[in-house]
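Chain residues, written in single-letter form:
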Amino acid sequence: MSNFTRADLESLLPACTTVPAVDQIQWYIGLDVADTVAACAEHGIVVEAYSPFAHGRIVNHPDIVDMGRRYEVTAPQLSLRYLLQKGAVPLPKATTRDHILANAEVDFEISDADMATLDAMHDTESHPLAANFRWS
Ligand SMILES: NC(=O)c1ccc[n+]([C@@H]2O[C@H](COP(=O)([O-])OP(=O)(O)OC[C@H]3O[C@@H](n4cnc5c(N)ncnc54)[C@H](OP(=O)(O)O)[C@@H]3O)[C@@H](O)[C@H]2O)c1
């Protein structure tokens, strides 16, 4: 599935003989997808997080860059690690070779306190297409 919310999932499941394995949704630090993520967890569905850098906007986000410095990683690496620790499978897009290589270097641990700080961030500039996009 892709872009399925709890409501979409709950309308689909009664018609299924097999529970879908994955829901690919937009998810990055600051985007509130908690209800969709909880619905997937209730049914054992893996969440795959696309646009993990908010289409690139997170790359230079000052608060995320600052926190990343403490772990000696970049904002994109911190973003990917955040999603991994949330239990998601991040799907970063990168066309630059150095970015592709760097995005595989996420073998560090974000502290619980910093995870809570990241959880509390709110996106104030959601992508206009994402905001309007929904499966009917
Ligand atoms: N299922 C759906 O409905 C749906 C909808 C939209 C998108 N998607 C998929 O989700 C994926 C992500 O899409 P997205 O474009 O929104 O992007 P994104 O992954 O949030 O951001 C991509 C941008 O981040 C830059 N970047 C990547 N790694 C970086 C690094 N280590 N350092 C600095 N910059 C870095 C890329 O630059 P460079 O290219 O220069 O590396 C690119 O400009 C795509 O594969 C797309 O197909 C799925």
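It should be noted that the structure appears before, not after, this text.
Rules used throughout
- Residues numbered from 1 in each chain as written.
- Predicted model: local features only at pLDDT ≥ 70, side-chain atom pairs only at ≥ 80, totals over all residues.
- Heavy atoms only, no water.
- Salt bridge = Lys/Arg side-chain N within 4 Å of Asp/Glu carboxyl O.
- Helix = DSSP H or I, 4+ residues; strand = E, 2+ residues; numbered from the N terminus.
- Buried < 20%, exposed > 50% of the residue type's maximum accessible area, 1.4 Å probe, protein only.

**Some remarks on the pattern of salt bridges**
Then, in step 1: On inspection of all chains with the given rule, the structure shows seven salt bridges.
Then, in step 2: Between Arg 70 and Asp 114 there is a salt bridge whose closest N-O contact spans 3.0 Å. In this pair, Arg 70 sits in helix H3 (residues 62-71) while Asp 114 sits in helix H6 (residues 112-119), placing the two residues 44 residues apart along the sequence.
Then, in step 3: Residue classification places Arg 70 among the exposed residues on the basis of a relative accessible area of 54%.
Then, in step 4: A residue is classified by how much of its surface remains accessible, and Asp 114, at 9% relative accessible area, is buried.
Then, in step 5: Two residues, Asp 119 and Lys 86, come together in a salt bridge whose shortest N-O distance is 3.0 Å. One end of the pair, Asp 119, is in helix H6; the other, Lys 86, is in the loop between helix H4 (75-85) and strand S3 (89-91), and 33 residues separate them in sequence.
Then, in step 6: Each member of the salt-bridge network shares a partner with another, and the members are Arg 6, Glu 10, Asp 35 and Glu 42.

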